[in-house]
Amino acid sequence: MASRVRTNTRRMHKLRDEFFEQGKLLNTAGDVDADCWLCKEGIDYDADPGSTPASHNLDHFFSVDDYPELQEDPTNFRHSHTLCNQARGKNAPSLGLGDAVPDWW
Ligand SMILES: [Zn+2]
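What comes next concerns the included structure. (Residues numbered from 1 in each chain as written. Predicted model: local features only at pLDDT ≥ 70, side-chain atom pairs only at ≥ 80, totals over all residues. Heavy atoms only, no water.)

Digging into the coordination of the zinc ion
Alright, step 1. Looking at the metal site, the zinc ion is ligated by C36 (SG), C39 (SG), H81 (ND1) and C84 (SG), spaced 2.0 to 2.4 Å from it.
Alright, step 2. Between the four donor atoms coordinating the zinc ion, the angles at the centre fall across 101 to 115°, so the site counts as tetrahedral.
Alright, step 3. Relative accessible area serves as the criterion here: at 0%, H81 is assigned to the buried category.
Alright, step 4. For C84, a relative accessible area of 1% corresponds to the buried category. (Donors = N, O, S within 2.8 Å, 3.2 Å for Na, K, Ca; no water. Tetrahedral: all angles 85-135°; square planar, octahedral: opposite > 155°, others 65-115°. Buried < 20%, exposed > 50% of the residue type's maximum accessible area, 1.4 Å probe, protein only.)

Encoded structure:
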């Protein structure tokens, strides 16, 4: 069993909320930095974070498993789709929305 260092602190909740709001503002301004950094497509900022595949998710550029000290470091945050973040797991980014390899492959 891998050691899980990921925590779910009140501070992390606040950081996630702030990061989402920041992305929302960038998106409203038409800034491409608000788009998913994994597939470069626009994120659905109208949906609650994590509620749909195209909704916003806070991704860590350096994975929390490998760099627990960067978990709450905003410079390590990236805007991503919930689906892209899940597809990435802790691997290097390569999969995008609609680009995922089927389970049977
Ligand atoms: Zn994406």
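A look at the pattern of salt bridges
Alright, step 1. Scanning all chains against the criterion turns up three salt bridges.
Alright, step 2. Among the salt bridges present, the one from E18 reaches K14, with a minimum N-O distance of 2.7 Å. Separated by four residues within a single helix, E18 and K14 lie in helix α1 (residues 10-28), roughly one turn from each other.
Alright, step 3. Owing to a relative accessible area of 52%, K14 belongs among the exposed residues under this scheme.
Alright, step 4. Between D59 and R88 there is a salt bridge, with the nearest N and O atoms lying 2.6 Å from each other. (Salt bridge = Lys/Arg side-chain N within 4 Å of Asp/Glu carboxyl O. Helix = DSSP H or I, 4+ residues; strand = E, 2+ residues; numbered from the N terminus.)

A few points about the environment of D44
Alright, step 1. As for its position among the elements, D44 is in the loop between α1 and β1 (56-60).
Alright, step 2. Residue classification places D44 among the partly exposed residues on the basis of a relative accessible area of 31%.
Alright, step 3. Counting along the chain gives ten residues from D44 to A54, while the straight-line C-alpha distance between them is 5.7 Å.
Alright, step 4. Once residues lying within four places of it in the same chain are set aside, the contact partners of D44 are A54, S55 and H56. (Contact = heavy atoms within 4.5 Å.)

Things to note about the nonpolar core
Alright, step 1. Ranked by size, the top nonpolar core spans nine residues in total: F20, A34, C36, W37, L38, C39, I43, Y45 and C84.
Alright, step 2. Counting residues in each nonpolar core, the second largest holds five residues, with M12, L15, F19 and L58 among its members. (Core = buried A, V, L, I, M, F, W, Y, C linked by side-chain atoms within 4.5 Å.)

Digging into unusual backbone geometry
Alright, step 1. A positive phi angle, close to 65°, is found at K40, a residue other than glycine.
Alright, step 2. A relative accessible area of 60% places K40 in the exposed class.

Here's the deal with α1
Alright, step 1. Compared with an ideal rise of 1.5 Å per residue, which puts 19 residues at 27 Å, α1 spans 27 Å between its outermost C-alpha atoms and is within 8% of the ideal.
Alright, step 2. For α1, the complete set of buried residues consists of M12, L15, F19, F20 and G23. Mapping the buried residues of α1 onto a view down its axis gives an arc of 135°, with all of them on the same face. Of the exposed residues in α1, the ones pointing more than 90 degrees away from its buried face are R10, K14, D17, L25 and T28.
Alright, step 3. Among the structural elements, β1 and β2 (77-81) are those in contact with the buried residues of α1.
Alright, step 4. Positive phi appears at G30, one or two residues downstream of α1, with a value of about 80°. (Expected span 1.5 Å × (residues − 1). Arc of directions from axis to C-beta.)

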